[in-house]
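Understanding the architecture of this molecule
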Amino acid sequence: MQRIINDPDNVVDDAVRGYLRASPTLYAATDHPRVLKYAGNVDADKVGVVTGGGSGHEPAFLGYVGEGLCDAVAIGEIFSSPTADAFHKAFAAADRGRGVACLYGNYAGDNMNVKLARQMAELDDIEVQTVVARDDVASAPADQRDKRRGVAGEIMMWKIGGAAAARGDNLSEVIRLAQKAVDACSSIGVGLSSCTIPANGKPNFSIEPGKMELGIGHHGEPGIEVTDLTSAKEMAATMCKPILEDRPFNRGDDVAVLVSGLGATPVMELNLLYADVADILEEAGITVHRTYIGNYFTSLEMMGATLTLMKLDDELKTLLDAPATSLALSQ
Amino acid sequence: MYYLDTSKGHDILQDLVAIILENKNYLSEVDGAIGDGDHGINMAKGFRQCGEAIDGQSLSLSKGLGKLASVLMGSIGGSMGPLYGSLFLGMATAVKDKDTIDEAAFGEMLANGLRSLQDISDAQVGDKCLLDTLVPAVEAYQHAVANGDDFTVALERMRQSAEQGKESTRDLVSNIGRSARLGERSRGHLDAGAVSCCLLLTQLADSTESRLQQQAA
């Protein structure tokens, strides 16, 4: 295992220590070792925005703590949900008396731990409402959207929900807008190689050289099909097709496009892939309002990329274009 | 008629801790075949912490189970923390104000644990998970009590059904958790959660049985 670590069992704690030391103006520690909060806006009169999830997806989730985004984050073991206790402490860290919007992805562990944490928060009189991202079109058909997993579309949910909270919207409005954001997102991933959790020491699954897996999940969940590795141009077409059909996206639509690497694919290739995606969108008469290209939501050292399209209206555009400052996203 | 003095809870809890710690490597081995390979590590982490937290104390069964639940929910994330946490919390709630429990109260404790778990999870029997052990074991116990069998017979039925339920996961295709990725390839391997659940229920039955007292008729 060619990795930069100390003890494989302490990778997450050691990494959190690094984030705190590297970015003291962005992160503040809390009384829970697996909860970080935004070091700024401490006196802001706003709805608290919380997210959380397993580690190994950096810069998600903690990279989206900051101005105009999330106020606190619960941090789990690699590819494993944070504890209910951590979510609960994150709610407490983010709450400024106007309630908390917990914006996270649709995974069994996260659903259970957030549910328990909400019960704990009730005892503290902290009002918590949730939005669960379900943007991965490959994880279930359109008529079973409630079963879909959350992937990179979560970033759009944090951006829109975070901007709404930052301008002073109340809790029900923040929730409505975050829900609207994630409902407007469709994503799909392509995996070119596996990844290794340091504590396990061996790859979680395998993708043979020369092959690619369309629709792979952020933890290696099975995709739609394994095919021969194609050119970027063909890959762009293969990824755009199920997304464009899903919403559906139509001629004249305005969209935001997010191309995220899965960890080990060079950023150069993400931009290369985007050029081919942009050609397809142009051909389809779809206008790109804003792009995000880079390692926004990864899966350790997996090779591959995810493509997310978000259909925009004026309300979403205003919030998407609002300023934000964080490790992962600043504009 | 047999009953359990709930002030013995502390000893029973230490037995549960011990059985998980003894099987740490075995559980990770089972999990390694089709899952992340960390089940033993995670379970041992939670149960060891619980053992340390209750060491030297004298806790009732309810307090002990409640402590176990809160440690599991606080220290194990993922799915196993909330699943086992809810199970033990539900069991703790059911025996909260009881000084002694008879076979019916023990059955209600199991049933309330199961209800509590099902309240936070949609997992079903047949998904290749711990419910494949838990559900038939609880049903077999309650069926025995309904038939008028005594406490020890009902516990034996629970042990047998837990074992059969665990073994049933060998022929199942995983529908839940990380092993779902393997689809058909998950067949032929036991589910690690079903194995740990069988260890815990068997130990619970053994520890309860060895502490039963007979009530004067």
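Residues numbered from 1 in each chain as written. Chains lettered and ligands numbered in written order. Predicted model: local features only at pLDDT ≥ 70, side-chain atom pairs only at ≥ 80, totals over all residues. Heavy atoms only, no water.

Turning next to the layout of surface pockets. In this approach, a probe sized like a water molecule rolls over the atoms, and the result shows the empty space that is left. All names here are of chain A. Approximately 530 Å³ is the volume found for the second largest pocket. Along its surface, the second largest pocket is lined by 22 residues, and Ile 4, Ile 5, Val 11, Ala 15 and Glu 58 are the ones closest to its centre. Of all elements in the fold, only helix 1 (11-22) and strand 5 (72-78) reach the threshold of two or more residues within the lining of the second largest pocket. The element contributing the most residues to the lining of the second largest pocket is helix 1, with 7 residues. Along the lines of polarity and charge, the residues of the lining of the second largest pocket split into 12 nonpolar, 4 polar and 6 charged. (1 Å grid on protein atoms, 1.4 Å probe; cavity = no way out; pocket = protein on both sides within 12 Å on 5 of 7 lines; lining within 4 Å. Points joined across faces, edges and corners; volume = space filled by probe spheres on them. Helix = DSSP H or I, 4+ residues; strand = E, 2+ residues; numbered from the N terminus. Nonpolar A, V, L, I, M, F, W, Y, C, P; charged D, E, K, R; others polar.)

Next up on the list: helix 5 (residues 80-94) of chain B. Between its terminal C-alpha atoms helix 5 of chain B stretches 21 Å, which fits the 21 Å expected from 15 residues at 1.5 Å a residue. Counting buried positions along helix 5 of chain B yields 12 of 15 residues, so the element is predominantly enclosed. (Expected span 1.5 Å × (residues − 1). Buried < 20%, exposed > 50% of the residue type's maximum accessible area, 1.4 Å probe, protein only.)

All names here are of chain B. Spatially, the 3 strands line up as an open sheet ordered 2-1-3, and their pairing is antiparallel. Each edge of the open sheet carries a strand with a single partner, namely strand 2 (100-101) and strand 3 (213-214). Where strand 1 (residues 2-5) meets strand 2, 2 bridges bridge the pair, whose relative direction is antiparallel. Within the sheet, the bridge partner assigned to Leu 4 lies in strand 2 and is Ile 101. (Pairing = 2+ DSSP bridges.)

With that settled, consider the side chain of Asp 246 of chain A. Examined against the element boundaries, Asp 246 of chain A turns out to sit in helix 6 (residues 232-246). Beyond its immediate chain neighbours, meaning those up to four positions away, Asp 246 of chain A contacts Val 137, Ala 142, Arg 145, Arg 148 and Ser 186 of chain A. (Contact = heavy atoms within 4.5 Å.)

On to the interface of chain B and chain A. Opposite the 19 residues of chain B that make contact, chain A presents 24 residues. In total, about 1,600 Å² of surface goes out of reach between chain B and chain A, with carbon and sulfur atoms giving 52% of it. Seen at the junction of chain B and chain A, the total is 0 salt bridges. Of all the secondary-structure elements, those providing two or more residues to the side of chain B that touches chain A are helix 4 (61-75), helix 5 and helix 6 (103-120) of chain B. (Buried area = accessible area lost by both parts, 1.4 Å probe. Salt bridge = Lys/Arg side-chain N within 4 Å of Asp/Glu carboxyl O.)

Our next topic: the packing of helix 7 (residues 131-146) of chain B against helix 9 (residues 192-209) of chain B. Residue and element names in this part refer to chain B. One can describe the packing of helix 7 onto helix 9 by two numbers: an axis separation of 7 Å at closest approach and a directional angle of 35 degrees. Within the contact between the two elements, helix 7 uses Thr 133, Leu 134 and Ala 137 and helix 9 uses Ala 194, Cys 197, Cys 198 and Leu 201. The residue inventory of the contact of helix 7 with helix 9, partitioned by class, reads 6 nonpolar, 1 polar and no charged. (Axes fitted to C-alpha atoms, helices over the stretch in contact; angles between N-to-C directions.)

All right, on to the pattern of salt bridges then. Residues and elements named next belong to chain A. On inspection of all chains with the given rule, the structure shows 28 salt bridges over all chains. The shortest N-O distance in the salt bridge between Asp 71 and Lys 46 comes to 2.6 Å. With Asp 71 in the loop between strand 4 (66-67) and strand 5 and Lys 46 in the loop between strand 2 (35-38) and strand 3 (48-55), this pair connects stretches of sequence that are 25 residues apart. The exposure class assigned to Asp 71 is buried, which follows from its relative accessible area of 2%. A salt bridge links Arg 176 to Glu 315, with the nearest nitrogen and oxygen atoms 2.6 Å apart. Here the residue Arg 176 occupies a position in helix 5 (residues 171-183), and Glu 315 occupies one in helix 8 (residues 314-321), the gap between them amounting to 139 residues. Through salt bridges with shared partners, one network takes in Glu 173, Arg 176, Lys 180, Asp 313 and Glu 315.

The geometry of an aromatic ring pair is captured by two quantities: the separation of the ring centres and the angle between the planes. As enumerated under the stated definition, the model contains 11 aromatic pairs over all chains in all. Aromatic side chains Tyr 292 of chain A and Tyr 296 of chain A sit 5.9 Å apart centroid to centroid with 85 degrees between the ring planes, which places their arrangement in the edge-to-face category. Residues Tyr 292 of chain A and Tyr 296 of chain A agree in their burial class; the two are buried. Both rings, one in Phe 106 of chain B and one in Phe 151 of chain B, keep their centres 5.4 Å apart while their planes meet at 65 degrees; by these two values the pair is edge-to-face. Here the residue Phe 106 of chain B occupies a position in helix 6, and Phe 151 of chain B occupies one in helix 8 (residues 151-168), the gap between them amounting to 45 residues. Residue Phe 106 of chain B is classed as buried on the basis of its relative accessible area of 0%. (Phe/Tyr/Trp six-rings, centres within 6.5 Å; stacked < 30°, edge-to-face > 60°.)

Residues and elements named next belong to chain A. What the domain assignment lists for chain A is domain 1 (8-184 + 321-326) and domain 2 (185-320). Put simply, the middle of domain 1 and the middle of domain 2, counted by C-alpha atoms, are 22 Å apart. Domain 1 puts 43 residues into the contact, and the matching count from domain 2 is 44 residues. Summing the contributions of domain 1 and of domain 2, the shared interface buries around 3,500 Å²; its carbon and sulfur component is 61%. Of all residues in domain 1, Phe 79, Met 156 and Asp 321 give up the largest surface area on contact with domain 2, accounting jointly for 20% of the area buried on that side. Between domain 1 and domain 2 we count 6 salt bridges in total. Note that Asp 246 and Arg 145 form a salt bridge whose closest N and O atoms lie 3.4 Å from each other. (Domains from an automatic or database assignment.)

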